[in-house]
Amino acid sequence: MDLQAVAFYVLAAMLVVSALAVVLIPNVFRAGLFLVLAFFAVAGLFITLGADFLGAVQILVYVGAIGVLLLLAIMLTRDVHHGSPGNRLWLPASVLGALLLGAVSWSLLNTTWADKAAEMPVPATAALGASVFDLQNGFILPLEIGALALLAVVIGAIVLVGEKK
Amino acid sequence: MDYWAGYGSIALFLLVALIFGLITIILPKVLKLLGLVVRKPNAVKYTTYECGMETIGPSWVQFNFRYYIFALLFLVFDVLVVFLYPWAVSLRGGGWAAFTAMAVFIAVLLTGFLYAWKKGALEWR
Amino acid sequence: MDWLHWLFYVGVILGAVPVMVMAFIWLERRGLGRLQLRPGPNRAGPFGILQPVADAIKVLTKEDIVPVAGDHWVHFVAPLVVFAPAMLVFTVIPFQEDGGLVRGLVPDLNIGILYIVAVSSISTIGVFMAAWGSNNKYSLISAFRSMAQVVSYEIPLALAILGVVLAAGTMSLTGIVQAQAVPFIVMQPLGFIIFFIAATAELNRTPFDLMEAESEMVAGYHIEYSGMKFALFYLAEYAYTVGISAIAATLFLGGWKAPWGVGPQVGVLWLVVKILLVFMVILWIRGTFPRVRVDQLMGFAWKFLFPLSLINIFIIAAESLAWPGLPWWLLFPNTAIALVLVVVWSGLFRLGGGRVQV
């Protein structure tokens, strides 16, 4: 087994363990920390797949921004130290979860995966930028639609503040 | 240095840095066994520090909601930064078309920013 | 993978950074003493030079106190989460141009500077962990302030760095240094001003040290830490300061290059000189400016630095499209634009006034 495979399995094991910890640990703050660790492991997986830019973005946005936002939200809630209480809806929730897991595994098993690892572009960032901002085959319209979605987030956040006043 | 060697070096360096930190924390515990570090347990010593007073009430009080708004604004503009980096690297290849595309993108986000400014969401009170 | 190269640089980074941190702590305490018309530490050794060593021995033999009310595991792990990213920053700094052993650990990582921005954003999580694990009101307020501040100044910081990436056309730090025929501090003065202010705020250093404002918060998020755990926080804080100085030296001051190509062509030497120079300016600012208030802090980041950094990017982008080689005479218009913008924009809004709630 080569070193890349070792790196992949270590990161995958880390991801699975921390994802399980998120669900199973009753202390909400610790569960949040394990979620951040899971984000970090995903970033590592991206890097082993040759997508280093995506890995850095994963750390920047998910660990640095969403993780912080999440921990902040946990701290803003009341009675955190009581942990996450039991819920009467556990039965429908677990049925739904099982269904979702089934659907995801079914689609994973029935997809023909094209093996693209051989033709990995090494300085991926410039190629990525070039393909996004290409006039003919680029993704300029989706980019601008993304801007509109982000605008909606800003306005939504401000409306939230307005209601707190 | 190629891709794998570069990231491999960084990953292993992270491991070494964590072990370095761990040893630094554990070292006093070893020195304690040798009697170099004192340990005189005392109930008052292990209470929460609050300028000599006992802590009143729980520490987990609800904080100013404003922190959350700034974190949300940060998230939005962090995504903007993520879009800007590949744009910056490939700008000379993309030319004025790429420049205009990004100008429109930022103009859309700036309307949100100006709205936030006008609504007073950037004021801390 | 070249194991010898790796081993050598891991040794260099883990050895040189703590030594440099100790030297800088001594320098800071002496320098701050001079600025405040007092001698500073002068008892341990000649000129107090052994003071950091004495501090290290004291901290090593100190009793480790963990508050019973806190979350012990989180309290234990937090220093590591703050410390490891501070060290990771140094892996991509290039020390020298030559090939072989003397360049740096991974100096030509192709996402170099984005990697630094990403990695340094991890330590906020560590600050939160420290505050939560301590279960102390001061710690928590400090962590919240730290979060709001770091988060607000990270955007202008990343955008100021983007100006450099635009001009160099690459994110690799080696590429950025090679692109600086004229150092970027001269070519992009506005970008440097924004970078420097935002970096000082990211480091939570004195005009922006609200998170450890001694008169309000006692010591900040690490108030419940003692012994070596506290030492790790302290080390990480100064390692970040050294790291930011190194990044400023690499991005804006020409990194390993000798100024005008004169003097000994020893890259590491020039890099250390430039790091020292940036650090002295940070120290000078600490000795000069009073602490800002929380509303001024946030307003300054969002109303001044953020719009100016966007304008800066578009100026650099338009210039690099119009004159792809970025000729040296662009420094005249850029300096003029920087001066005019800073003066005009400062008149556009007011900071402060009124009551403030934490």
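Residues numbered from 1 in each chain as written. Chains lettered and ligands numbered in written order. Predicted model: local features only at pLDDT ≥ 70, side-chain atom pairs only at ≥ 80, totals over all residues.

1. What to know about the overall build of chain C
Each helix and strand in chain C was counted, giving 14 helices and zero strands. Here the C-alpha radius of gyration of chain C, 21 Å, is about what a compact globule of 358 residues would show, namely 21 Å. Oriented by its inertia axes, the alpha-carbon framework of chain C measures out at about 65 × 60 × 45 Å. The buried share of chain C, reckoned over its 358 residues, is 55%. (Helix = DSSP H or I, 4+ residues; strand = E, 2+ residues; numbered from the N terminus. Rg over C-alpha atoms; globule rule 2.2 N^0.38 Å. Buried ≥ 20, exposed ≤ 12 C-beta atoms within 10 Å, placed from the backbone.)

2. Overview of the overall build of chain B
In terms of helices and strands, chain B carries three helices and zero strands. Tracing chain B from N to C terminus, the helices and strands come up as α-α-α. Counting only residues that meet the buried cut, chain B has 38% of its 125 residues in that class.

3. Some words on the nonpolar core
Among the nonpolar cores identified, the biggest contains 194 residues, and Tyr85(B), Ile161(C), Val165(C), Phe195(C) and Ala248(C) are the most heavily contacted of them. At 22 residues, the largest contribution of residues to this core is made by helix H6 (residues 137–168) of chain C. The contact partners of Ala248(C), leaving out residues within four places of it in the chain, are Phe195(C), Phe196(C), Ala199(C), Leu253(C) and Val278(C). (Core = buried A, V, L, I, M, F, W, Y, C linked by C-beta atoms within 7 Å. Contact = placed C-beta atoms within 7 Å.)

4. Regarding the packing of helix H1 (residues 3–35) of chain C against helix H11 (residues 227–252) of chain C
All names here are of chain C. Between H1 and H11, whose axes approach to 9 Å, the crossing angle comes to 90°. One element, H1, and the other, H11, form an angle in the roughly perpendicular class. Contacts between H1 and H11 involve Val-17, Pro-18, Met-20, Val-21, Phe-24 and Ile-25 from the former and Leu-235, Tyr-238, Ala-239, Thr-241 and Val-242 from the latter. Class assignment of the residues belonging to the contact of H1 with H11 gives a composition of 10 nonpolar, one polar and no charged. (Axes fitted to C-alpha atoms, helices over the stretch in contact; angles between N-to-C directions. Parallel < 35°, antiparallel > 145°, perpendicular 65-115°, else oblique. Nonpolar A, V, L, I, M, F, W, Y, C, P; charged D, E, K, R; others polar.)

5. A short note on the interface of chain B and chain A
Taken together, the contact between chain B and chain A spans 42 residues of the former and 43 residues of the latter. Of the residues forming the side of chain B that touches chain A, the biggest block, 17 residues, is contributed by helix H2 (residues 66–89) of chain B. In the side of chain B that touches chain A, the residues fall into 33 nonpolar, seven polar and two charged.

6. Looking at unusual backbone geometry
Residues and elements named next belong to chain C. Positive phi outside glycine occurs at Leu-37, with the angle close to 55°. Mapped onto the elements, Leu-37 comes out in the loop between H1 and helix H2 (51–60). A positive phi angle is found at Leu-326, which is not glycine, with a value near 50°. In this fold, Leu-326 is placed in the loop between helix H13 (294–322) and helix H14 (331–346).

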